[in-house]
Amino acid sequence: MSKSVSRRLGWRDALLLVGGYLALDWASHIHPVHGLYVTPWSPAPALGLLFLVRYGGQAAAPLALAILAADAWARELSLPWLLACGLALQLTAGYWLIAGVLRRRLGSKGMFVNQRGLIEWVMITAIGTLINSLLFLAGLTLAGYLPRGAAAEALLPYWLGDAVGVLISMPLLAMLLDASGRVRLRRLLLGRESLSLLTTGGVLVFTFVAGKMSEFKYFPLLFLPIAWAAARQGLAGAVLTVGLTQVGVILATHLLGLSPLILIELEVLVLVLALSGFFIGVVVDEKQRLGAELQQTLRLAAAGEMAGALSHELHQPLTALLAYTRACQQLLAQGESGERLRDVIDRVVAESQRAGEVVSRLRDFFRTGTTRLERIWL
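Residues numbered from 1 in each chain as written. Predicted model: local features only at pLDDT ≥ 70, side-chain atom pairs only at ≥ 80, totals over all residues. Heavy atoms only, no water.

Moving on, we get to the overall build of the protein chain. Check the secondary structure of the protein chain and you find 11 helices and 0 strands. Ordered by position from N to C terminus, the α and β elements of the protein chain give α-α-α-α-α-α-α-α-α-α-α. Burial status across the protein chain gives 44% buried among its 378 residues. Sequence-distant contacts in the protein chain: of pairs separated by 6 or more residues, those separated by 24 or more amount to 74%. Carbon together with sulfur atoms contributes 64% to the accessible area of the protein chain, which is approximately 20700 Å² in total. (Helix = DSSP H or I, 4+ residues; strand = E, 2+ residues; numbered from the N terminus. Buried < 20%, exposed > 50% of the residue type's maximum accessible area, 1.4 Å probe, protein only. Contact = heavy atoms within 4.5 Å. Areas by Shrake-Rupley, 256 points an atom, 1.4 Å probe, with all protein chains shown as cover.)

Okay, structure coming up:
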């Protein structure tokens, strides 16, 4: 796949990036770890990665500003100004590197097009967020604001928060930022397939009310509505049901007062369900796309056959018409105006009718598939 071309980042896009990042970071502001406000689900980096993939380095400065503002406002990190700016730049550089690898490997729209793209997106995101988390915590440790033991303890939650947030949220955010993706989501929400969302909500309520959340014995039931929506509506159906599942998990966390450890385990389960649904959805979309391409190929082949049939069937009457027309010209040049000229003109009319009948028969055949059989004398 060729490299994607960066678009121009306008001021509205920059405001959307900063505002959206702050809103997502505030929404996921739960369960602080060692004063870092590490969350088991951090969707804000997914938005930053999408803008970096789409706009390249133009989105780096707004993203760094958004990270700095989120740390000061949503996470309330009491760090010196210089250190906070340095960490924001470090995180931005790490996300920029991840986005650059995604752009080179998959392009701007190849992450969710086929199975290979989805697998590479998962691997690049998991490895990239792990390296970024290591560098971030190492910077805090070297600056003396985080004990080494605390950094080691915070690494897994911090990495899982970023990785889970990106892997769960990025497909939905990508569709929301794309015009055709928004159309698909709107049709799904307003159509009959929205029943899958109600089913997901019902299974969520049953899971949290009837089951013991420390055991998650009913949690695998959530795979059924996700798989159903993915099989029916492709990636769009999987994205919506996974998004609803994630919202339900976060709400249950607040209502039931679940501990950070239980929430981390829940998020890992949601991630497994989400990736399974995404793979089913991508396979369904790929199958539908290949089916549409096959139908287009068959239509082109039928058009080619029709053109060949027309050429073959019309060749003889057209050749006869040309010969009779030239004969008329010769007869007129000789001053002929009697029976011979009228006979040739009658032949011209007959061949014209023959050509018209050929076109009519072929039109009926390609429209309905029916044929008209006639008895002829050899």
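Moving on, there is more to tell.
What follows covers the layout of surface pockets. Which parts of space are left empty comes out when a probe the size of a water molecule is rolled across the atoms. Reported here for the second largest pocket is a volume of approximately 250 Å³. Lining of the second largest pocket is provided by 16 residues; of these, Trp-41, Ser-169, Gly-243, Gln-246 and Val-247 occupy positions nearest its centre. Only helix 1 (11-27), helix 6 (148-177) and helix 9 (223-256) provide two or more residues apiece to the lining of the second largest pocket. For the lining of the second largest pocket, a count of residues per class yields 12 nonpolar, 4 polar and no charged. (1 Å grid on protein atoms, 1.4 Å probe; cavity = no way out; pocket = protein on both sides within 12 Å on 5 of 7 lines; lining within 4 Å. Points joined across faces, edges and corners; volume = space filled by probe spheres on them. Nonpolar A, V, L, I, M, F, W, Y, C, P; charged D, E, K, R; others polar.)

Attention shifts here to the confidence of the model for the protein chain. On average, residues of the protein chain score 81 in pLDDT, and 86% of them reach the 70 mark or higher. Within the protein chain, no element has a lower average pLDDT than helix 8 (residues 195-210), which sits at 68, and none a higher one than helix 2 (residues 44-55), at 93. With pLDDT under 50 throughout, residues 1-5 is counted as low confidence; its partners more than four residues away or in other chains account for 10 contacts. (pLDDT = per-residue confidence, 0-100.)

Here helix 1 crosses helix 3 (residues 60-73) at 30°, and the two axes come no closer than 9 Å. One way to sum up the angle between helix 1 and helix 3 is to call them roughly parallel. Crossing of helix 1 against helix 3: the hand is right-handed. Of the residues in helix 3, those in contact with Ala-14, Leu-17, Val-18, Tyr-21, Leu-22, Asp-25 and Trp-26 of helix 1 are Pro-62, Leu-63, Ala-66, Ile-67, Ala-69, Ala-70 and Trp-73. When the residues that make up the contact of helix 1 with helix 3 are grouped by side-chain class, the tally is 13 nonpolar, no polar and 1 charged. (Axes fitted to C-alpha atoms, helices over the stretch in contact; angles between N-to-C directions. Parallel < 35°, antiparallel > 145°, perpendicular 65-115°, else oblique. Left-handed = near helix turned anticlockwise from the far one by under 90°.)

As a further point, take a nonpolar patch on the surface. Nonpolar side chains collect at one region of the surface, where Ile-119, Met-123, Ile-127, Ile-131 and Leu-135 lie side by side and expose about 480 Å² of accessible area between them. With respect to the helices and strands, Leu-135 occurs in helix 5 (residues 115-142). (Patch = residues over 30% accessible without salt bridge, like charges linked within 9 Å, V, L, I, M, F, W, Y side chains within 5 Å. Salt bridge = Lys/Arg side-chain N within 4 Å of Asp/Glu carboxyl O.)

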